[in-house]
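Commentary on secondary and tertiary structure
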Protein chains: 2
Amino acid sequence: MLNPGSLTSSQPGFGRAKPLVGSTINDQRITLAHGSGGKAMRELIQNLLVPIFNNPILEALEDQATIPLGELLQHGDRLAFTTDSYVVDPLFFPGGNIGELAVNGTVNDLAVSGAHPLFLSCGLVIEEGFPLDTLTQIVRSMKHAADRAGVSIVTGDTKVVEKGSADKLFINTAGIGVIREGVSIAATKAQPGDAIITNGFIGDHGVAILLARNELALEANVQSDTQPVHDLVFHMLDVCSNIHCLRDATRGGLATVLNEFASASNVSIQIDEPHLPIRESVRGACEILGLDPLYLANEGKIVAVVPSEKARELVDAMREHPIGKDSAIIGRVKESPVGTVMLVTTFGGTRIVDTLVGDQLPRIC
Amino acid sequence: MLNPGSLTSSQPGFGRAKPLVGSTINDQRITLAHGSGGKAMRELIQNLLVPIFNNPILEALEDQATIPLGELLQHGDRLAFTTDSYVVDPLFFPGGNIGELAVNGTVNDLAVSGAHPLFLSCGLVIEEGFPLDTLTQIVRSMKHAADRAGVSIVTGDTKVVEKGSADKLFINTAGIGVIREGVSIAATKAQPGDAIITNGFIGDHGVAILLARNELALEANVQSDTQPVHDLVFHMLDVCSNIHCLRDATRGGLATVLNEFASASNVSIQIDEPHLPIRESVRGACEILGLDPLYLANEGKIVAVVPSEKARELVDAMREHPIGKDSAIIGRVKESPVGTVMLVTTFGGTRIVDTLVGDQLPRIC
């Protein structure tokens, strides 16, 4: 069995987080002592992190998680291993917060290899003075996202830096998963004739962050799309075991992923503007701010390159999945010009969609 | 075979790092664009990180490393998985820098479980304006340390935050390794009668950081002891496969590790002041600053709890190892008072060595 759900002990974690009573640190803010390796840090770990993350591997409180993977892995299976640091600003935004982003993002980096996401680590860098209740809320969001994705947070680290030495909170999650023998997805495998598919509206996360920063001069109701995509990927692999390329379109957006595929596979990718799923609110925000939705970050959108003869069946199947109902074929792979992405506009013209040169939106994830 | 050395391609990495010529980012400092997901980030990865880290798994440039672990793991083997963020200040100190610390520290967190350290991730959080040549130097130190420890850095992530939102550079490394069937080390396994062993002088890293901060009113030549301990651990396991407890004494120092053992095993630990290996320079610095060397951080010192009948043979064997020549038996496990650590002083008195309450030295690692 590949799901680490059996690691969850019978008591639900959310109710078990005890207040830091008896703490030698009396105020309700993070102090440098919480990162010192001493009593305060141990209390933070034992009274907050361990009860919320709630699994026996973490509860061993060793310097490393020990996982009986020899029983799960078969000869021919491969391990997927990934890491991401999350520095999103602000920490809370419409549709989510840094905690669920840190879990979903790393789950998704595993998922796009076709892996079963299994275990995550959690490295916190906290600014001195950070409110303990905000930290608790974020850690609970991480647990909630981990449960949704079927992964366990089994090892962690806490560092505290002086006020002004970090902006509130950064979270690193590394993740491991298992890729079953026979699954082989790579950015190098796009072939002329292949179809390009995505699972829904693009640009939501980028605009949600802008909204949260109050940088928009308009009212809009756009939520981040932060969500785990692994279950959708398994659903897709059931229909088409031969997915050629697959990535989630995060920083740099759809345009960046397509350029990576075009470049790694030595092909050209053509996408059709009329077929791109973009919300009116996102389109409107982009027009006002001079942003291109193709470069806006997403946190639950995948881009797949698949054999054309499977594309229609695959999209139909994806539309039956909760996070795939707006799936669409958005383009195709061509032979040339090699390494380029072309947009066929609504008016029938074409333009090159280059990789982002500057920095559209810092600290988007 | 467990060593990922075969992953290293034939070209040595150090000479391959190309300058960022043709970069759209012309100055030689990190800009927000280097974290954007676009061209500048890709150049940073392809022209700096990938050539230096230099292994085919990383070179695939996928969102996750794909590792044929199914071929390495046998039924009964366990995976060790760990993470640490490094926020040491200053970045460079006598005996090392944040880069080698980030590799050695995570290698050691794997090693103290008896694991063969195999693969690391590298998550960089960089402050805008950070000099590119300093980053290059630190990344080369990471590679150097990885080569020394026989591990490969196979996946990574780069985030850039605005000037003032992080202090220069934070590095997270997560690590995975394989624990062979039959090896079982845990903080819960100390038994009355066991001996306590360490592999050399304590407190060097803590004092080296203080020296680097110019916070000492004295001249002293103390180097950080940052070094990988896995090979010493294998050497120890060859002599005594039944090591009960093993940890590296980092943040919080020797005192913290011993308290963790005493508490997890429900025993008392007694250490002998005259037997503690402490350099005169470290002792002097501690006297001047009112610090206790028992709480000073180390970055290459392990504390082992072993059956007493094996202790002498083990120390003799450790002394033949390059990083064990100052190994010593420093104490013993007693039945009571449960959960406490006692120091028998040079003058024959005893005092309780409690867990650190406040914060002795922030950002020590």
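Residues numbered from 1 in each chain as written. Chains lettered and ligands numbered in written order. Predicted model: local features only at pLDDT ≥ 70, side-chain atom pairs only at ≥ 80, totals over all residues. Heavy atoms only, no water.

Regarding the overall build of chain A
Note the cut-off: In this text, helices come from DSSP runs of H or I with a minimum length of four residues, and strands from runs of E with a minimum of two, each type numbered from the N-terminal end. The reference for a compact globule is 2.2 Å times residues^0.38; the radius of gyration itself is calculated from the C-alpha atoms. For every residue, the accessible area (1.4 Å probe, protein chains only) is compared with the maximum for its type, and the residue is labelled buried under 20%, exposed over 50%, or partly exposed between those bounds. Residues are treated as being in contact if the distance between any of their heavy atoms lies within 4.5 Å. Residue exposure ignores everything except the shown protein chains as possible cover, and the areas themselves are Shrake-Rupley values with a 1.4 Å probe. The positive count covers Lys and Arg only, the negative count covers Asp and Glu only, and His and the chain ends enter neither. By convention, the charge on Lys lies at NZ, on Arg at CZ, on Asp at CG and on Glu at CD.
Check the secondary structure of chain A and you find 9 helices and 14 strands. Scaling as 2.2 N^0.38, a compact globule of 365 residues should have a C-alpha radius of gyration of about 21 Å, and chain A matches this with 21 Å. Seen through its C-alpha atoms, chain A measures out along the principal axes to roughly 70 × 55 × 30 Å. Going through the 365 residues of chain A one by one, you find that 65% of them count as buried. Across chain A, contacts joining residues at least 24 apart in sequence account for 85% of those joining residues at least 6 apart. Accessible surface, chain A: about 12600 Å² in total, of which carbon and sulfur atoms supply 49%. In chain A, 28 side chains carry a positive charge and 42 a negative one; their mean positions are 2 Å apart.

As for the sheet that holds strand β12 (residues 328-334) of chain B
Residue and element names in this part refer to chain B. To keep things clear, this is the line we draw: At least two bridges found by DSSP between two strands are what make those strands a pair. Helix axes use the C-alpha atoms of the stretch in contact, all axes being lines fitted to C-alpha atoms, and the angles between their N-to-C directions lie in the range 0 to 180 degrees.
Strand order in the open sheet formed by 7 strands is β9-β11-β8-β12-β10-β13-β14, with mixed pairing between adjacent strands. Each having just a single partner strand, β9 (245-248) and β14 (350-352) make up the two edges of the open sheet. The sheet shows a mean angle of 25° between the axes of neighbouring strands, taken without regard to direction. Against the sheet, helix α9 (residues 308-318) touches β8 (195-198), β11 (302-306) and β12, its axis set at about 10° to β8.

Examining the packing of aromatic side chains
We count it as follows: Geometry of aromatic contacts follows a simple scheme: Phe, Tyr and Trp rings, the Trp one being its six-membered ring, pair when their centres are within 6.5 Å, and the pair is stacked under 30 degrees between planes, edge-to-face over 60, tilted otherwise. A positively charged side chain is recorded as over a ring if its NZ (Lys) or CZ (Arg) lies within 6 Å of the ring centre. The angle to the ring normal must also be within 35 degrees.
Under the counting rule described, the total for this entry stands at 1 aromatic pair over all chains. Look at Phe170 of chain A and Phe170 of chain B: their rings are 6.2 Å apart centre to centre, the planes differ by 50°, and that puts the pair in the tilted class. With Phe170 of chain A in strand β7 (residues 169-179) and Phe170 of chain B in strand β7 (residues 169-179), this pair bridges two chains. The residues Phe170 of chain A and Phe170 of chain B share a single accessibility class, namely buried. Seen from the ring of Tyr86 of chain B, Lys159 of chain A lies directly overhead, with NZ or CZ sitting 5.6 Å from the centre.

A few points about the sheet that holds strand β2 (residues 78-86) of chain A
Hydrogen bonding along the main chain pairs the strands of a sheet, whether they run parallel or antiparallel. Read from one edge to the other, the open sheet built from 5 strands follows the order β6(A)-β5(A)-β7(A)-β2(A)-β1(B), with strand pairing classed as mixed. The strands lining the two open edges of the sheet, one partner per strand, are β6 (152-161) of chain A together with β1 (65-67) of chain B. With strand direction ignored, the average angle separating the axes of adjacent strands in the sheet is 15°. Relative to β7 of chain A, strand β5 (residues 116-127) of chain A runs antiparallel, the two being bridged by 8 bridges.

Points about the interface of chain B and chain A
Keep this limit in mind: We define buried area as the total accessible area lost by two parts upon association, computed with a 1.4 Å probe and summed across both. The salt bridge definition used is simple: a Lys or Arg side-chain nitrogen within 4 Å of an Asp or Glu carboxyl oxygen.
With 81 residues of chain B at the interface, the matching set in chain A holds 81 residues. Both sides of the chain B and chain A interface together cover about 6100 Å² of buried area, and 56% of this is carbon and sulfur. It is Asp63, Phe81 and Arg251 of chain B in chain B that bury the most area against chain A; as a group they hold 13% of the surface buried on that side. Linking chain B with chain A are 14 salt bridges, by the criterion used here. Ionic pairing is found between Lys39 of chain B and Asp354 of chain A, a salt bridge with its closest N-O pair at 3.1 Å.

Side note on the state of the cysteines
Stated precisely, the cut-off is as follows: Cysteine sulfur atoms that come within 2.5 Å of each other are treated as a disulfide pair.
For the coordinates displayed, the defined rule picks out 0 disulfides over all chains. Between Cys245 of chain A, a cysteine without a disulfide, and Cys240 of chain A, which holds the nearest cysteine sulfur, the sulfur-to-sulfur distance is 12 Å.

Things to note about the domain arrangement of chain A
All names here are of chain A. The condition that has to hold: Bear in mind that the domain bounds are from an automatic or database domain assignment.
When its domains are assigned, chain A resolves into domain 1 (32-179) and domain 2 (187-352). Domain 1 and domain 2 are separated by 28 Å when their C-alpha centres are compared. Each partner contributes residues to the interface: domain 1 has 23 residues there, and domain 2 has 23 residues. Both faces combined, the contact of domain 1 with domain 2 buries some 1800 Å², and carbon together with sulfur accounts for 62% of it.

Comments concerning the relation of the copies chain B and chain A
Quick reminder of the rule: Overlaid copies result from least-squares superposition on C-alpha atoms, with residues included only where pLDDT is at least 70 in both.
The two copies are related by a screw operation: chain B maps onto chain A through 180° of rotation and 0.0 Å of translation along the axis, at an RMSD of 0.0 Å. Here the transformation between the copies is reduced to the relation of a two-fold axis. Using C-alpha coordinates, one finds that chain B approaches the rotation axis most closely at Ala166 of chain B, a distance of 2.0 Å. Mapped onto chain A, 100% of the interface residues of chain B again fall at the interface, so both copies present the same surface.

Here we look at the packing of helix α6 (residues 230-239) of chain A against helix α9 (residues 308-319) of chain A
Residues and elements named next belong to chain A. Using the following cut-off: What sets the label is the angle itself: under 35 degrees gives roughly parallel, over 145 gives roughly antiparallel, 65 to 115 gives roughly perpendicular, and the rest give oblique. In a left-handed crossing the near helix is turned counterclockwise from the far helix by less than a right angle, and in a right-handed crossing that turn is clockwise.
It is the contact of α6 with α9, at a shortest axis distance of 10 Å, that shows an interaxial angle of 140°. Taken together, the axes of α6 and α9 are oblique relative to one another. Between α6 and α9 lies a crossing of right-handed hand. For the pair α6 and α9, contact is made by Leu232, His235, Met236 and Val239 and by Lys310, Glu313, Leu314, Ala317 and Met318, respectively.

Brief notes about helix α5 (residues 204-212) of chain A
Residues and elements named next belong to chain A. Counting buried positions along α5 yields 8 of 9 residues, so the element is predominantly enclosed. When α5 is considered as a whole, its buried residues turn out to be Asp204, His205, Gly206, Val207, Ala208, Ile209, Leu210 and Leu211. Elements in contact with the buried residues of α5: β3 (92-93), α3 (98-111) and α8 (280-289). Following α5 by one or two positions, Asn214 adopts a phi angle in the positive range, close to 60°.

A look at unusual backbone geometry
Residues and elements named next belong to chain B. Note the cis peptide between Asp89 and Pro90, where omega equals 5°. With respect to the helices, strands and loops of the structure, Pro90 is situated in the loop between β2 (78-86) and β3 (92-93). Note that the residue after Ser336, namely Pro337, is joined by a cis bond; omega there is 0°. Along the chain, the position of Pro337 falls in the loop between β12 and β13 (341-344). Positive phi values are uncommon outside glycine, yet Lys168 reaches one of about 65°. Considering the arrangement of structural elements, one finds Lys168 in the loop between β6 (152-161) and β7. Accessibility expressed as a relative area gives 27% for Lys168, which makes it partly exposed. Positive phi outside glycine occurs at Asn266, with the angle close to 55°.

Observations concerning the packing of helix α1 (residues 39-53) of chain B against helix α4 (residues 132-149) of chain B
Residues and elements named next belong to chain B. We apply this condition: Residue polarity is assigned by list, with Asp, Glu, Lys and Arg as charged and Ala, Val, Leu, Ile, Met, Phe, Trp, Tyr, Cys and Pro as nonpolar; anything else, Gly included, falls into the polar class.
It is at 8 Å that the axes of α1 and α4 come closest, and there the two elements cross at 30°. As judged from the angle between their axes, α1 and α4 are roughly parallel. Of the two possible hands of crossing, α1 and α4 adopt the one that is right-handed. Judged by residue contacts, Leu44, Leu48, Leu49, Ile52 and Phe53 of α1 engage Leu132, Leu135, Thr136, Val139, Arg140, Met142 and Lys143 from α4. When its residues are assigned to classes, the contact of α1 with α4 shows 9 nonpolar, 1 polar and 2 charged.

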